[in-house]
Protein chains: 2
Amino acid sequence: MFREISEFHEWFAERGRANAYEVTRTKLDELDGWHFDDETGNLVHRSGKFFSIEGLEISTDHREVESWTQPIILQPEIGILGILVTKFDGVPHCLMQAKMEPGNINLLQLSPTVQATRSNYTRVHQGSAVPYLEHFVAPRSGKVVFDALQSEQGSWFLHKRNRNMIVETTADVPVLDDFCWLTFDQLGALLREDNLINMDSRTVLSGLPFLAGEDEPTADPGPDAAPEHSFEQLLSWFTEARSRYRLDRRTMPLRQVRGWLREPDRIRHEQRRYFNVVGLDVRASNREVTGWSQPMIAPSDRGVIAFLGRRIHGVFHVLVQARTEAGTSDVVEMSPTVNCIPSNYRDAPADKRPRYLDQVLMAPSSALLLDVVHSEEGGRFYHAENRYLVVEADESFPHQVPDDFTWMTPQQLMGFVRHGNYVNVAARCLLTCMNVGRRAFDGAGRR
Amino acid sequence: MFREISEFHEWFAERGRANAYEVTRTKLDELDGWHFDDETGNLVHRSGKFFSIEGLEISTDHREVESWTQPIILQPEIGILGILVTKFDGVPHCLMQAKMEPGNINLLQLSPTVQATRSNYTRVHQGSAVPYLEHFVAPRSGKVVFDALQSEQGSWFLHKRNRNMIVETTADVPVLDDFCWLTFDQLGALLREDNLINMDSRTVLSGLPFLAGEDEPTADPGPDAAPEHSFEQLLSWFTEARSRYRLDRRTMPLRQVRGWLREPDRIRHEQRRYFNVVGLDVRASNREVTGWSQPMIAPSDRGVIAFLGRRIHGVFHVLVQARTEAGTSDVVEMSPTVNCIPSNYRDAPADKRPRYLDQVLMAPSSALLLDVVHSEEGGRFYHAENRYLVVEADESFPHQVPDDFTWMTPQQLMGFVRHGNYVNVAARCLLTCMNVGRRAFDGAGRR
């Protein structure tokens, strides 16, 4: 336990020194264990395991263009992302891990207690290399507080989901090297620092409000918090979006993807937009394996993940988008107001830019309720940074919004997080920054 | 409005007389507008619309056999099934329609106010042939009480979903021929009659409890109803089942399906199990079109859809199964304890029969809390009857159940109905029989 956040930083710096890592870019056809399949051109591992990079053809009536093809990561396996919680003197603490991921811009970030693949946890009874995994697989001694299948980045992954779990235990838990206990307030403070709490942590922490009890946060918002829309209206808005739009996908050989070029050290879009596929060699001293190579997706630039928010009848609401991405498993998910890489649209006329992007980028600094840079999953994405923003619109911002958008309170959105299949990873991560520890937003922290 | 249920029956008999229908079996290659595709052998309509019957290869670790192939209906379109509710003297009434469907054993059954295909409702602004549809598409004057995408029969449909809606209106609604208002109690009584309330009505009526208000029924079961498992435990049980099992599907040409024979008047399984694909000619006087031909799926025999129930700590619980079917869109759904055609297993040894089937079939009549025969969707399924049962197990029935099963109260299961993607059509229909109108089950009718 840390009394001061500075103690955490000392510990974290020490963990960085205790482990030596080296990550170098390498040519795609020199990646150890990986090759381009002769027939399809897909980038695959010789074991057939881990993941592959293939081609995807998308056809939809719910994006800027009607159809396109792109490389995409296929990884059908469902892993466990789990955070163990226990109380010390009545104060709940989360067990977090200082973990190197090669895609992280600073290598070391704070991850959940457990990040386990299916092969990790199905062999658990023969003894697992993943510490603390026994708290997350049956039979468990602790109490499951949150357990949902949650989607990951739909622009880069096809149908990827992980199981997000929070387990509360009263057992005595030994603290291994690289692990530490943090309070919600400490996590809240660290979530305001750039590139420190990793994506896996952020998505799991979106379930932290359910620790308080059995109630659906949406069920009874209380007399002082009157949301603009009822829960039933929000469900109906979402059902309508899922019914109205079409999203057809077909995997295709990577070599047939149009508009993308395979170069020795990357696969890139012909206009150098969106992302590259790059190769990495990794050497690390404190991982299960001491060295490996792998491909990664490297976004072309830093992205923006932003909620526009405003008070309605005195209650803070955020503007949620029903958004379709290439890999979205069920047509639309609830997304932040804006979720894009702005420079992809650098030449686009105003009416082809993502809705509300201009409002977000041009907001005065006084309107930024949250402004922090976080990394996306450093095991698959290389230097993938997003600026996480909550922008307060003034009362003149239109109450009426297009069909694809609706107002909800952060608390209402949190209610949907409990079920998988509703809230996308960007929105969950942004909610975590709003909800955990601090109480910067009306209604957001109400339990 | 009917003061007595006998008045309804007089009206319903009169509707039957007012309309003349004729349904005849016909050869598959003589179905007007339909043909077997030269290349694939798929059974398709010349317009490319409606639906098609294709082949499906299933591979899973969660059924009696690891892999099989079968014919299956593909109909990607999402339709609307909607029931309009209004209050007369404070008493809510549902607007129901006497509707002929060629697959119904008695042709005429009670359907929802609206059964609309996507092409029906997307052309609504040019004037629609579907009466009352304006109450279900935006902008609506009424209040949406229930609006969820719900799955249909996974054994016969691949990923089929319809939008289930209940809308409450205060508008003055003219009652057209073939339509009538029924109270919940009247519906409850009619749900105890065989083959009267059609499947589309039953699935929509599963959302009727949400009419009462904003609360999630699961949120606060009240101090007197202590369920065996908390909502979070149920979510975790379900997430674990979705994570644990594998379900891979691949559509294939119908002609390549193994173990099925194409005969002039049917496609059948080589052992005459499961179902046949048959052809029908329909002549009717009160439909949008006065005559048409179509293929249908005709199950090989009557099925059983049953909950085993028992009191735990004095509260009635049902035994819910996490079940995988060929067309299930996301690995498992919550299903009744038993959901099968018993004669498919006539030669199977006891350990290859569906779990709990014997307990259901051999229950004494005194243990049958519900026993009624209903038809499945008469637009796609021919004489598809299921015996809907709720069987009360005595207190000696094991408290501990296999991993694929869990106890929940009918009220808890109802909470999951509000969200799509959880509760399968059999369980929803069975819940409706338990919940609507009468109060035969503890906890089931609590609002």
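Note that the structure is predicted; figures quoted are calculated from it, not measured.

> What exactly am I supposed to notice about helix α1 (residues 5-18) of chain A here?
For an α-helix the count is 3.6 residues per turn, leaving residues at separations of three or four pointing the same way. Residue and element names in this part refer to chain A. For α1, built from 14 residues, the straight-helix expectation of 20 Å at 1.5 Å per residue is met to within 8% by its first-to-last C-alpha distance of 20 Å. Buried within α1 are the following residues: Phe8, Trp11, Phe12 and Arg15. Taken around the axis of α1, the buried residues stretch over an arc of 100 degrees, which confines them to a single face. In α1, the exposed positions that point more than 90 degrees away from the buried face belong to Glu10 and Arg17.

> How do you make sense of the nonpolar core when you look at a structure like this?
What tends to happen in soluble globular proteins is that the nonpolar side chains get buried as a cluster. Grouped together as the largest cluster of nonpolar side chains are 79 residues, with contacts concentrated most on Phe8, Cys94, Leu110, Leu182, Met334 and Phe416 of chain A. Per element, the largest residue contribution to this core is eight residues, and it comes from helix α8 (residues 425-435) of chain A. Split by domain, this core shows at least three residues from each of two domains, domain 1 (5-20 + 77-210) and domain 2 (223-247 + 301-435) of chain A. Core analysis: the next-biggest nonpolar cluster, separate from the first, contains 72 residues, Phe2, Met199, Ala241 and Leu370 of chain B among them.

> For this particular structure, what's the right way to read the relation of the copies chain B and chain A?
Look at the two chain copies: a rotation about an axis and a shift along it is all it takes to match them. Superposition of chain B onto chain A requires a rotation of 180 degrees combined with a translation of 0.0 Å along the rotation axis, giving an RMSD of 0.0 Å. The transformation just described matches what one would write down for a two-fold rotation axis. Looking at chain B, 100% of its interface residues are interface residues in chain A too, so the copies touch through the same face.

> Before we go on, may I ask you to explain the pattern of salt bridges in this structure?
Close approach of charged atoms lets side chains of opposite charge pair. Going through the model one piece at a time under the given rule, you end up with 50 salt bridges over all chains. Between Arg163 of chain A and Glu240 of chain B there is a salt bridge; the shortest N-O distance is 2.9 Å. With Arg163 of chain A in strand β11 (residues 161-168) and Glu240 of chain B in helix α5 (residues 231-244), this residue pair bridges two chains. Each member of the pair Arg163 of chain A and Glu240 of chain B is classed as buried. Between Glu325 of chain A and Arg323 of chain A there is a salt bridge; the shortest N-O distance is 2.8 Å. For the pair Glu325 of chain A and Arg323 of chain A, a shared accessibility class is recorded, and that class is buried. Salt bridges sharing common partners tie together Arg140, Asp147 and Arg163 of chain A together with Glu240, Arg244 and Asp404 of chain B.

Conventions and cut-offs
- Residues numbered from 1 in each chain as written.
- Chains lettered and ligands numbered in written order.
- Predicted model: local features only at pLDDT ≥ 70, side-chain atom pairs only at ≥ 80, totals over all residues.
- Heavy atoms only, no water.
- Helix = DSSP H or I, 4+ residues; strand = E, 2+ residues; numbered from the N terminus.
- Expected span 1.5 Å × (residues − 1).
- Buried < 20%, exposed > 50% of the residue type's maximum accessible area, 1.4 Å probe, protein only.
- Arc of directions from axis to C-beta.
- Core = buried A, V, L, I, M, F, W, Y, C linked by side-chain atoms within 4.5 Å.
- Domains from an automatic or database assignment.
- Least-squares fit on C-alpha atoms with pLDDT ≥ 70 in both.
- Contact = heavy atoms within 4.5 Å.
- Salt bridge = Lys/Arg side-chain N within 4 Å of Asp/Glu carboxyl O.

Any functional reading would require information that these geometric values do not contain.
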